[in-house]
Structure formats: structure tokens, C-alpha cells
Amino acid sequence: VSTQSTWGLRSDGRYTEVHTPFTMRAAELKALFNELKLKNVSLDERLDILLRTKWTAKEFDHPVTREIAELIDREADMLNRGRSETSLEGLRKRLCNLFLQFIENPDFNPEAARFEKIPSIYTVSYTHLTLPTIYSVQISVVAVSLKKK
């Protein structure tokens with residue numbers, strides 16, 4: 001999801017790599033997710049990771065983002081009380097799974113729309129998709145039939 005787009009072959013045989021705002025956002029979310037999964041980090045580092053994750057999620061008002069914020073607050077409270085790493089395992093697993101749902105949602109990560117099995121007609125820009133013409137026609141037919149109902 002977070003890899004840059006490559007554009008046509010140049011005269012010297014190389015491709016041009018293009019970082020779009022969507023791929024840069026996806027790379028930031030991927031890095032944040034990988035930091036959330038880290039084990040054996042210091043208390044200050046973990047609190048910093050949690051704070052950045054919370055502010056990233058709170059950019060949107062959605063039930064998933066509210067639950068992420070609640071879990072982060074709960075973990076920060078437990079860390080400040082001196083709870084052990086093993087007692088936080090379940091909470092951290094829930095937090096990672098919720099943040100993964102956040103990353104996979106095209107409303108929060110537009111680059112994720114490219115990887116949906118059936119693209120949502122409301123969140124996918126047809127000019128952003130890089131699908132063969134056959135699939136583009138099928139998608140537009142689905143969009144028309146949904147609008148008529």
C-alpha cells in the first residue's frame with residue numbers, strides 16, 4: 001500500500017518513482033502500525049508512540065477511531081500505574097487489530113481503495129484506479145445499477 005507509484009520507462013531504462021500524498025499517508029500509517037507492534041521499548045517511547053497514534057486516529061470522528069483513542073488512554077493509564085508487559089498483551093493486540101482496520105479503510109487511508117476486492121463506488125476515484133479497461137467497465141455498470149435502486 002505504501003509503495004510509490006512507478007511511471008513509464010525513461011530513455012535511460014529506468015522508471016520514475018512518484019510519491020503521491022496517498023502513498024505518503026499510507027507509509028506514515030504503516031510506520032505507525034509497525035511501531036505499535038514493537039516490544040521492549042522504554043516507557044517514554046511507548047507513550048510517544050501511543051500519543052502519535054491517538055492524534056492520527058482523532059483526525060476522524062468514527063466509532064473505530066473513538067475506540068482506538070479509548071484503548072490508548074487505557075494503556076497509557078496502565079503504563080503509568082506500572083503494570084507489567086504481560087498484563088498489557090491483550091490490550092495491545094486489540095489496539096493493533098483496530099489500528100489495522102483503520103489503515104485498511106479507504107475513508108482514512110485512500111491508498112487502501114486500490115486493494116479492495118470490490119471497490120466502493122462512494123470512496124474510490126475512478127481516475128485513481130489502475131485497472132484494465134474490462135474491470136473499469138464492470139465497475140461503472142455496478143455503479144449505475146446501484147444508483148437506480
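Residues numbered from 1 in each chain as written. Predicted model: local features only at pLDDT ≥ 70, side-chain atom pairs only at ≥ 80, totals over all residues. Heavy atoms only, no water.

Teacher, can you tell me more about the overall build of the chain here?
Across its full length, the chain carries five helices and two strands. Buried residues in the chain amount to 32% of all 149 residues. At a minimum sequence separation of 6, the contacts of the chain that also span at least 24 residues come to 48%. (Helix = DSSP H or I, 4+ residues; strand = E, 2+ residues; numbered from the N terminus. Buried < 20%, exposed > 50% of the residue type's maximum accessible area, 1.4 Å probe, protein only. Contact = heavy atoms within 4.5 Å.)

Would you explain helix α4 (residues 89-104) in this entry?
Given 3.6 residues per helical turn, the α-helix brings residues three or four places apart onto the same face. Between its first and last C-alpha, α4 extends 22 Å over 16 residues, near the 22 Å set by a 1.5 Å rise per residue. The complete set of buried residues in α4 reads Leu91, Arg92, Leu95, Cys96, Leu98, Phe99, Phe102 and Ile103. Here the buried face of α4 lies against α1 (21-36), α2 (43-57) and α3 (63-80). (Expected span 1.5 Å × (residues − 1).)

Even after reading the chapter, I still don't get the pattern of salt bridges, so can you show me in this structure?
Enumeration over the complete set of coordinates arrives at 10 salt bridges. Where glutamate 59 meets arginine 25, a salt bridge forms, and the shortest distance between an N and an O atom there is 3.3 Å. Taken together, the residues span a long stretch of sequence, with glutamate 59 in the loop between α2 and α3 and arginine 25 in helix α1 at a distance of 34 residues. What you see here is one network of salt bridges that share partners, running through Arg46, Glu75, Glu85 and Arg92. (Salt bridge = Lys/Arg side-chain N within 4 Å of Asp/Glu carboxyl O.)

What am I meant to see in the side chain of arginine 25 here?
Assessed through its relative accessible area of 15%, arginine 25 is described here as buried. In this structure, arginine 25 is in contact with Thr56, Glu59, Phe60, Phe102, Phe108 and Asn109, ignoring residues within four places of it in sequence.

Looking at this structure, I do not really get the side chain of threonine 53. What am I missing?
Within the secondary structure, threonine 53 is located in helix α2. A distance of 2.8 Å separates a polar side-chain atom of threonine 53 from the backbone oxygen of isoleucine 49. Excluding anything up to four places from it in sequence, threonine 53 contacts Leu32, Leu36, Ile72 and Phe99. (Polar contact = N/O pair within 3.5 Å; in protein donor to acceptor, adjacent residues only side chain to side chain.)

Please clarify how the packing of α2 against α4 should be interpreted in this entry.
One way to put it is that α2 packs onto α4 with a least axis distance of 12 Å and a crossing angle of 35°. Considering how the two elements wind past one another, α2 and α4 form a crossing that is left-handed. From α2, Arg46, Leu50, Thr53, Thr56 and Ala57 reach across to α4, where they touch Arg92, Leu95, Phe99 and Phe102. Of the residues that constitute the contact of α2 with α4, the class distribution is five nonpolar, two polar and two charged. (Axes fitted to C-alpha atoms, helices over the stretch in contact; angles between N-to-C directions. Left-handed = near helix turned anticlockwise from the far one by under 90°. Nonpolar A, V, L, I, M, F, W, Y, C, P; charged D, E, K, R; others polar.)

Honestly, the environment of proline 21 in this entry has me stumped. Any pointers?
Among the structural elements, proline 21 can be located in helix α1. Through-space distance from the C-alpha of proline 21 to that of proline 110 is 9.4 Å; in sequence the pair is 89 residues apart.

Can you help me understand the packing of aromatic side chains in this one?
Aromatic ring pairs are described here by two measures, namely the spacing of the ring centres and the angle between the planes. Counting across every chain of the model gives four aromatic pairs. Ring centres 5.4 Å apart and planes at 25° place the aromatic pair phenylalanine 99 and phenylalanine 102 in the stacked group. Of the two residues, phenylalanine 99 and phenylalanine 102 both sit in helix α4, three residues apart, roughly one turn of that helix. No difference in accessibility class separates phenylalanine 99 from phenylalanine 102, as the two residues are buried. Through successive ring pairs, a cluster of aromatic residues spans Phe60, Phe99, Phe102 and Phe108. (Phe/Tyr/Trp six-rings, centres within 6.5 Å; stacked < 30°, edge-to-face > 60°.)

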